[in-house]
Amino acid sequence: MKKRKDGRYIKTVKINGVRRFFYSAAPTERQAEKDIARQLLEFKEREERGKLFKEAAEEWEAEHYPRLAYSTEQRYKPLVTYAAEYFDGSYIKDIQPTDIARFMKHKIKKGFAGKTVSHQMSVLNMIFEHACIEGYIQSNPCQYIRVPNNLPRKKRGIPSMEDIERIKDSICKPFGLLAYFLLYSGLRKGEVLALTYSDIDFKNKLINVNKSVYYESNQPHIKSPKTEAGTRNVILLDCLAEKLPRRKIGLVFHNEKGEHYKHTEFIRGWKRYQVETGITATPHQLRHAYASYILHDSGIDVKTAQELMGHADISTTQNIYTQITEQRLAEAAKRMNAHASESSQNIVKNLENG
């Protein structure tokens, strides 16, 4: 042990081949020895216990987030927070597969949809993989756990026919053409907001989708589609082409300055449009309306629908088509039951009247 010029004592100890430095501000060397001995014991206990789950999760975030798109990072953050709160105070090497299974059941019991549970488990798996690589644990406890396939899915509602008719009748209102464009193109909100007139081929009736708007702290940014399927040509329907101005340049949809909408500008504008028209649909629901009223009802096959919607996985398109079919059957059953009930009542009345 040595005494430094600043009055503190320092002791160097080699632990597992690594030199560690311990300091003490005790007034005497004897007291400093006791203080450093205590620090050394606490250090060894910490090393034996390993990292807290929260510490490993924060390490994973610091390493992982810089490589992610902003929207993905924002989606991951609440999932990491939820897991950190659940495993609060737990050392990562003490967490067993049974604990992971209980955590998953806890999420399911809380009523989270299957997709949310799946995303939560995916993030948890990546955190434990990081812990394996760093040597905090020997094996990943998530590898033994599987998310059940029969969990309820949160279904996006399809806009009502009343909403569809209002959209058709309100093209001249602020955001009216934007809503109409979403309905008859099936583009994502970000894809529509990034669209320029040079992306629209009026001659061949095609819309070239090649970029999208995303937001960081309210500011718009442009990105390329995250999958190859996202870059695509969408049919420019005649009813949409006739509503669009010709020989214009720049953004198709923009704010008063001719620039991309800021996030708050778009939110406020869409809410005003809803209030003025009575429409309740969201931009993404209009994309589903396109899949329902345009593609599905026109008899477009699933593979073609997948290409037009820009889905990387055909199962996404199949799920939407299945939802549409189930909704149609439910509506048909409701009408048939009402008709059957009315017919039955009429028969009874006729019998009673002789």
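The present account deals with the structure reproduced in this document.

Regarding the nonpolar core
Argument step 1. Core analysis: the biggest nonpolar cluster contains 50 residues, and Leu178, Phe181, Ile207 and Trp270 have the highest contact counts within it.
Argument step 2. Ranked by the residues each element gives to this core, the list is headed by helix H7 (residues 176-185), at 8 residues.
Argument step 3. Every residue in contact with Trp270, bar those within four places of it in the chain, is listed here: Phe175, Leu178, Ala179, Leu182, Ala281, Thr282, Pro283 and Leu286.
Argument step 4. Counting 29 residues, the second-largest nonpolar core is a separate cluster that includes Val80, Leu124, Phe128 and Cys142.

Remarks on the layout of surface pockets
Argument step 1. In this structure, the second largest pocket spans a volume of roughly 470 Å³.
Argument step 2. Taken together, 20 residues form the lining of the second largest pocket, with Phe175, His254, Asn255, Glu256 and Tyr261 sitting closest to its centre.
Argument step 3. Sorting the residues of the lining of the second largest pocket by element identifies H7 and helix H10 (263-277) as the ones contributing at least two each.
Argument step 4. A per-element tally of the lining of the second largest pocket places H10 first, with 4 residues.
Argument step 5. Looking at the lining of the second largest pocket residue by residue, the classes come out as 8 nonpolar, 4 polar and 8 charged.

Let's talk about the environment of Thr317
Argument step 1. Within the secondary structure, Thr317 sits in helix H13 (residues 314-352).
Argument step 2. Leaving out residues up to four positions away in the same chain, Thr317 has contacts with Val302, Ala305, Gln306 and His311.

Quick word on the sheet that holds strand S2 (residues 9-15)
Argument step 1. Taken in spatial order, the 3 strands make up an open sheet running S1-S2-S3, and their pairing is antiparallel. One side of each edge strand has no neighbouring strand; the edge strands of this open sheet are strand S1 (2-3) and strand S3 (18-24).
Argument step 2. For S2 and S3, the ladder comprises 7 bridges, and the chain directions are antiparallel. Residue pairing in the sheet places Lys14 in a bridge with Arg19 of S3.

Notes on helix H6 (residues 161-169)
Given 3.6 residues per turn, any residue in an α-helix points the same way as the ones three and four places further on.
Argument step 1. Along H6, the residues classified as buried are Asp163, Ile164 and Ile167. The arc enclosing the buried residues of H6, seen along the axis, measures out at 100 degrees, which places them on a common side. Away from its buried face by more than 90 degrees, H6 exposes Glu162 and Asp169.
Argument step 2. Of the surrounding elements, those touching the buried residues of H6 are H7, H10 and helix H11 (283-296).

Comments concerning the sheet that holds strand S5 (residues 206-209)
Argument step 1. Taken in spatial order, the 3 strands line up as S4-S5-S8 in an open sheet, and their pairing is antiparallel. The open sheet is flanked by strand S4 (200-201) and strand S8 (232-235), the only strands paired with a single partner.
Argument step 2. Direction of pairing for S5 relative to S8: antiparallel, over a ladder of 4 bridges. Following the sheet pairing, Ile207 is matched in S8 by Val234.

Reading the values: rules and limits
Residues numbered from 1 in each chain as written. Predicted model: local features only at pLDDT ≥ 70, side-chain atom pairs only at ≥ 80, totals over all residues. Heavy atoms only, no water. Core = buried A, V, L, I, M, F, W, Y, C linked by side-chain atoms within 4.5 Å. Buried < 20%, exposed > 50% of the residue type's maximum accessible area, 1.4 Å probe, protein only. Helix = DSSP H or I, 4+ residues; strand = E, 2+ residues; numbered from the N terminus. Contact = heavy atoms within 4.5 Å. 1 Å grid on protein atoms, 1.4 Å probe; cavity = no way out; pocket = protein on both sides within 12 Å on 5 of 7 lines; lining within 4 Å. Points joined across faces, edges and corners; volume = space filled by probe spheres on them. Nonpolar A, V, L, I, M, F, W, Y, C, P; charged D, E, K, R; others polar. Pairing = 2+ DSSP bridges. Arc of directions from axis to C-beta.

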